[in-house]
Amino acid sequence: MLRQAGIPLMFDEQHQRYHVPGARFLPPTNFTPEEALALIVLCHDLGDRENLPFFGPARTAAVKLESSLPGRLRDLLRSTAEAVQIQLPPANPLAGQKPVYEQLLEAVGRRCAVRIDYNSLADGQRVRTRVHPYRLLFSRRSWYLIGRSSLHRGTRTFNVGRILDLEMLEDHYQVPRGFSTERYLRNAWHLIPEPGPDHDVVVRFDKTVAQNVAEVHWHKTQRLEFRPDGSLDFHVTVSGLREMSWWILGYGDRAEVLRPPELRRIIARHAAHLAQRYQQDLAEPPP
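Just so you know, these numbers come straight off a predicted model, no measurement behind them. (Residues numbered from 1 in each chain as written. Predicted model: local features only at pLDDT ≥ 70, side-chain atom pairs only at ≥ 80, totals over all residues. Heavy atoms only, no water.)

## Some thoughts on the sheet that holds strand S12 (residues 255-259)
Alright, step 1. The antiparallel open sheet is built from four strands, whose spatial order is S10-S11-S9-S12. A single partner strand is all that each edge strand has here, and the edge strands are strand S10 (223-226) and S12. Within the sheet, the average angular offset between the axes of one strand and its neighbour, ignoring direction, is 25°. (Pairing = 2+ DSSP bridges. Helix = DSSP H or I, 4+ residues; strand = E, 2+ residues; numbered from the N terminus. Axes fitted to C-alpha atoms, helices over the stretch in contact; angles between N-to-C directions.)

Here it is, written out as structure tokens:
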């Protein structure tokens, strides 16, 4: 038996991992009022089932933290916490996927491979592959598994919500030295780095949305250049254009791609398809 920070650790020979025997509690920790408030707000809001799937225990942790505080401080922090909220974008609730998520957590901890059946939108069919799980990542709307796929012979990203079946395997693996989520994603706009060299992109935003765009840190490489007429030239370097194209389209005719030409053509094709779809409505006189 080992001890880490006063907590006993037992080694499980069968599963080749350490675990905390029985029901154990962490030693008491003294928090400042600011630290306690931050933890209570984060745990309450991020532990909401609709905000961050599978993090319900964070809410019970907040309740336990509140109950351990002195009465006057507890009442003050509770009233303050009720007035502070964190609102995340709508997320995939991943209904029925909690067992899959928990198995992936165990696989990551034990460094065990898994075999998954996956509803692949890219392949347009159900595929089966053996994966070495490197990371679990929550990004924007869902949980994702990042790991090496035997089918694709490389590292891939899988949406946990599309994993149809999962089997834990007993073959172990090592995460490649130097691997990180940031290195794997390179300069992807979100989660899909495309093969080939990066692209230097410039998008000009109309002055009516320029400030709105400038207020957000959209990408780690972005550079902003305001023009005398109030418009904004948005510079960014990305590993792939298609993900970014959907963001640009969200600004409609308030955004124009200046370069590269490949991205202008992608936007132009989408605009042509939209115009064709709504052509009949354009022909009718306004009400």
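## Re the packing of helix H1 (residues 33-46) against helix H2 (residues 57-67)
Alright, step 1. Relative orientation of the contacting elements H1 and H2 amounts to 150°, with a least axis distance of 7 Å. The orientation of H1 with respect to H2, classified from their angle, is roughly antiparallel. The way H1 lies across H2 gives a crossing that is left-handed. Counted together, Ala36, Leu39, Ile40, Cys43 and His44 of H1 and Ala58, Arg59, Ala62, Val63, Leu65 and Glu66 of H2 form the full contact between these two elements.
Alright, step 2. Split by residue class, the contact of H1 with H2 holds eight nonpolar, one polar and two charged. (Parallel < 35°, antiparallel > 145°, perpendicular 65-115°, else oblique. Left-handed = near helix turned anticlockwise from the far one by under 90°. Contact = heavy atoms within 4.5 Å. Nonpolar A, V, L, I, M, F, W, Y, C, P; charged D, E, K, R; others polar.)

## Side note on the sheet that holds strand S6 (residues 142-149)
Alright, step 1. As summarised here, the arrangement of the five strands in space is S7-S6-S5-S4-S8, forming an open sheet in which the pairing is antiparallel. Of all strands in the sheet, those with a lone pairing partner are strand S7 (154-159) and strand S8 (163-172), marking the two edges. Each strand axis lies, on average, 45° off the axis of its neighbour in the sheet, ignoring direction.
Alright, step 2. For strand S4 (residues 112-120) and strand S5 (residues 125-139), the ladder comprises seven bridges, and the chain directions are antiparallel.

## Regarding the pattern of salt bridges
Alright, step 1. Counted according to the given criterion, the structure contains 11 salt bridges.
Alright, step 2. Connected via shared salt-bridge partners are Glu106, Arg110 and Glu170. (Salt bridge = Lys/Arg side-chain N within 4 Å of Asp/Glu carboxyl O.)

## Concerning the side chain of glutamate 66
Alright, step 1. The residue glutamate 66 is located in helix H2 in this model.
Alright, step 2. Note on glutamate 66: relative accessible area 9%, which makes it buried.
Alright, step 3. Not counting chain neighbours up to four residues away, the residues in contact with glutamate 66 comprise Ile40, His44, Arg74 and Arg78. (Buried < 20%, exposed > 50% of the residue type's maximum accessible area, 1.4 Å probe, protein only.)

## Overview of the packing of aromatic side chains
Alright, step 1. Applying the stated rule across the entire model yields 14 aromatic pairs.
Alright, step 2. When the ring of tyrosine 101 is compared with that of tryptophan 143, the centres are 5.2 Å apart and the planes differ by 50°; the resulting orientation is tilted. One end of the pair, tyrosine 101, is in helix H4 (residues 98-110); the other, tryptophan 143, is in strand S6, and 42 residues separate them in sequence. Tryptophan 143 matches tyrosine 101 in its accessibility class, with the two residues each being buried.
Alright, step 3. Of the aromatic side chains, those joined through ring pairs into one cluster are Trp189, Phe205, Trp218, Phe234, Trp247 and Tyr251. (Phe/Tyr/Trp six-rings, centres within 6.5 Å; stacked < 30°, edge-to-face > 60°.)

Distances and angles like these do not, on their own, reveal function.
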